[in-house]
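Remarks on the overall topology
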Amino acid sequence: MAISFNNCSTFMIFMVLLLPGLCFGTENYYYSKATYYKTSDGKGTPTGACGYGEYGRYVNDGLVTTASWKLYKNGAGCGACYQVRCKDKALCSDIGVKVVVTDSGEGPGTDFILSSDAFAKMAKHPKLAHMLFPKGVVDVDYKRVSCKYGNLKIKINEHSNYHGYLAIIPFNNGGYADIMAIEIYDAKTYKWIPLRRSYGAVFDLANPPKGDLKIKIQIKEGEKTKWIYSNKVVIPYYWKPGSIYETNIQIP
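To keep things clear, this report deals only with the structure shown in the data block. (Residues numbered from 1 in each chain as written. Predicted model: local features only at pLDDT ≥ 70, side-chain atom pairs only at ≥ 80, totals over all residues. Heavy atoms only, no water.)

**Focus: the pairing of strand 11 (residues 196-199)**
To keep it simple, the criterion reads: Two strands are said to pair when DSSP picks up at least two bridges between them. Every helix listed is a DSSP run of H or I at least four residues long, and every strand listed is a run of E at least two residues long, numbered separately from the N terminus.
Across three bridges, strand 11 lies against strand 12 (residues 202-206) in antiparallel orientation. Counted as the bridge partner of arginine 196 is aspartate 204 from strand 12.

What follows is the structure, given as structure tokens:
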């Protein structure tokens, strides 16, 4: 049955009532609980289970989170982005906060332990955050979203040794797809060599091939899995521990 409006005012009232539901509906959101952890600056921690180090403190302006085991996915969930919204309508905004997974951890019934900056960001206004913190654990809903960072970057883990051990950490993975596997190309044997997931987002290989290295990455988005290749050298011949190299890969 068609809806008719007697005048413009009636139509505008109808749209005002309808739009909040369109903008902040519950489609693709899942119910859970969230709490927070404290650091000296309210941001992330450099000791997270993903192995990000200092990157884990400041990525996304410190709006980061630990993830429950089901979302951490044995490290494949590292770098994932989620929109998390507190359900307390008196204190919390309809938008919530976008957070990046940098660590693994959960409390009773929680899927997220947010940095205190991220927890405060769920409030309608910064002045209301002080009323949100005493609650400790809050009801939330969440969904997986994208984070746009630009090209994927590869960091050489500080424990790497040029003469016999290579460990790498992918940064800027886009947030929506999980990194399932990484392989490097050995130009001498013309073969792709798989790396092992050491822990979190850290992949490693003993006795890596010498020379310039290309990489390919297997990602999983929903139930779909595919490989993404670099068509240029990513890791140079004389790589150094702690160095960060930018790829030409963007994970959608």
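**Some thoughts on the state of the cysteines**
So the rule is basically this: For this text, the term disulfide refers to a pair of cysteine sulfurs within 2.5 Å. Three labels apply to residues, based on accessible area from a 1.4 Å probe with only protein chains included: buried if under 20% of the type maximum, exposed if over 50%, partly exposed otherwise in between.
Throughout the structure, instances matching the rule amount to three disulfides. Put simply, cysteine 50 and cysteine 78 are joined by a disulfide, and their sulfur atoms are 2.1 Å apart. Note on the cysteine 50 and cysteine 78 pair: the S-S dihedral is about -95°, so by sign convention the disulfide is left-handed. Of this pair, cysteine 50 sits in the loop between strand 1 (30-37) and helix 2 (55-58) while cysteine 78 is found in the loop between helix 3 (69-72) and strand 3 (81-86), placing the two residues 28 residues apart along the sequence. Here the two residues cysteine 50 and cysteine 78 agree in accessibility, since each one is buried. For cysteine 81, the disulfide goes to cysteine 147, at an S-S distance of 1.9 Å.

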